[in-house]
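# Understanding the architecture of this molecule
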Amino acid sequence: MKALFRGYGKGLTALFFLAVACWGLALIILPQFSMLERAVTAPKRQLDSSIALRVARDAQTCATLLERVMETTTPPASTGGMAVPSIGGMGFPTIGGPAPSSGGMGMPSIGGPAAGGSERGFIIQCDRATTHSRLVRDGGTEPVYLDRLHGVPDLSVPDDAPLPRQLDAAEQIATVADALYTRLTGEEAEAFPLTLSNFRTLAAPRMIPLGPEQQAAEDARLSNRLLGLIGLRYSVDGQTYERLGLVTLVRTIVFALCATALALVLCYPIAYKVALATPPDKATWLFLGLVIPYAIVELMRIYAWTTIIDNQGVLNSLLMWSHLISEPIQFKRFPGTIFVVIVYTYVLFMVFPIFNVMTTLDRNQIEAAEDLGAKTWRVHWRVIMPHAKPGIAVGCIATFMLSAGAFSVPRIISRGLQAEWFSQTIYNKFFESENSNVGAAYSFAYTILCFLLVALFMWAMRTRLKDFARVQ
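These numbers were taken from a predicted model, which means no experiment stands behind them. (Residues numbered from 1 in each chain as written. Predicted model: local features only at pLDDT ≥ 70, side-chain atom pairs only at ≥ 80, totals over all residues. Heavy atoms only, no water.)

## Remarks on the pattern of salt bridges
Defined as follows: By convention in these notes, a salt bridge is any Lys or Arg side-chain nitrogen within 4 Å of a carboxyl oxygen on Asp or Glu. Helix and strand assignments follow DSSP, with helices taken as H or I runs no shorter than four residues and strands as E runs no shorter than two, numbered in order from the N terminus. Each residue is assigned to one of three classes by its accessible area relative to the maximum for its type, calculated with a 1.4 Å probe on protein chains only: buried under 20%, partly exposed between the two thresholds, exposed over 50%.
Scanning the model with the defined rule gives 7 salt bridges in all. Where glutamate 187 meets arginine 183, a salt bridge forms, and the shortest distance between an N and an O atom there is 3.4 Å. You can see glutamate 187 and its partner arginine 183 sitting in helix α5 (residues 163-190), 4 residues apart, about one turn around the helix. For the salt bridge of aspartate 310 with arginine 415, the shortest nitrogen-to-oxygen distance reads 2.7 Å. With aspartate 310 in the loop between α11 (298-309) and α12 (314-321) and arginine 415 in the loop between α16 (408-414) and α17 (422-432), this residue pair connects regions lying 105 residues apart in the sequence. Among the residues examined, aspartate 310 registers a relative accessible area of 23% and is labelled partly exposed.

## Thoughts on the side chain of serine 423
Note the threshold: Two N or O atoms count as a polar contact when they lie within 3.5 Å, although within protein this holds only if one can serve as hydrogen donor and the other as acceptor, and sequence-adjacent residues are included solely when both atoms are side-chain atoms. What makes two residues a contact is simply this: any of their non-hydrogen atoms within 4.5 Å.
For serine 423, the location among the structural elements is in helix α17. At 2.5 Å, the side chain of serine 423 and the backbone oxygen of alanine 406 are in polar contact. Ignoring sequence-local partners within four residues, the contact set of serine 423 consists of Ala404, Gly405, Ala406 and Phe407.

## Let's talk about the nonpolar core
How we decide: As used in this record, nonpolar core signifies buried Ala, Val, Leu, Ile, Met, Phe, Trp, Tyr and Cys residues forming a set joined through side-chain atoms within 4.5 Å.
Core analysis: the biggest nonpolar cluster contains 28 residues, and Leu276, Ile354, Met358, Ile366 and Ile384 have the highest contact counts within it. For this core, the elements supplying multiple residues, two or more each, are α9 (244-275), α10 (280-291), α13 (335-358), α14 (363-371) and α15 (376-404). Among the elements that take part in this core, α13 stands out by supplying 9 residues, more than any other. When residues no more than four places from it in sequence are discounted, the contact partners of isoleucine 366 are Leu276, Leu361, Val379, Val383 and Ile384. Counting 27 residues, the second-largest nonpolar core is a separate cluster that includes Ala52, Val55, Leu167 and Leu184.

## Here's the deal with the UniProt feature "transmembrane region" (unreviewed entry) in the protein
Rules: UniProt positions are given in the numbering used here, feature names are shortened, and annotations may be inferred rather than shown by experiment.
According to UniProt, the positions carrying the feature "transmembrane region" (unreviewed entry) are residues 249-271, 283-304, 334-355, 392-413 and 440-460. End-to-end, the C-alpha atoms of residues 283-304 are 27 Å apart, and along that stretch the chain is 73% helix and 0% strand.

In structure tokens form, the structure reads like this:
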């Protein structure tokens, strides 16, 4: 701190720390708190009150549609025609007979009157208007139903009853469900608002429907055996269950570790060559060769790989032209392809830290070790690598975090032909299934796990935060 004051003055130092505090508060702390709050809040649509509200609305819509049916004197289609729903009084032609209604919202019907003498066609709201609706609970638990849990009668709209009776049933369900919604809303407002159910979703098992032969083939795979050893895949009563969320999480972490290890193996020799084994004038050209490809935006560099690995791409064309293969290789189905592209995409985050630390090494130490008879590998092991340890640590941490959070590379390269990465799962929870509470739980748990792995790595490398100051 005294050195900062002497070098930059108190005003500039205070401004620097204020900017860092604002950055950390606005972009790290507050977003994580917001994510945590959402993660420990039950999704509104999964609350019992939301189920009751949905039943009430379905019953009200059903009653409205039944009234429309009763108002019209047009008989239902008699020749098996298919009617099309209409909204706002717009009529639609039907095949084989007139539409069952000519104004307002029409009811879809398939094949004329329903079996059992029903006087109306199929109305989905009437089928869903039942107090015996299943409530949302954690996977693997016994089903729980709205009527049994909250003490309301089991009501539904009988599709084979006369229309007036169906209308009475729908109105009764709407009244009961609406009253239940009001009661549950009050109870939920007084209840403890936080829950860990979103986190438990991550470890919830899902049944994998497999035939006997397919199940035997899947069980014989090495990856599935490994999943069974750590409890992520198991069988009960002949049915296979898999903890899909955890499987995706573990697979992504393993892939990110493999990509980091591959990047280290490739980048350490490059950094050594540029920093210590090349004259300065030639090192400049080597460095330019590394930097120039990064003048192109990341997405364009990733898309460029698709022209290489496609079935009709450069690589397959060369292999087929040289008669080494007769059919194109499906590179986009190989996880190794993603590793290579990730390493290519983030290679500079590994090279620069190692290079910067290596340039501070006195070359006389290397020459002294060689004069004393040390072999090349021993010079690296005892002299260069200990000195470059902070750069290696920073490079590994940066590459691992970028690989673990990679989204565009696995999505573009695999195009859905490989198992998704956890970053894609989080995206799907937020924007595809619109289950942002579960997505927030996944994201927060993933962040914590990555931080723990980084802390474990720093402990294993015997690296402290102040050692990172050497990486400049």
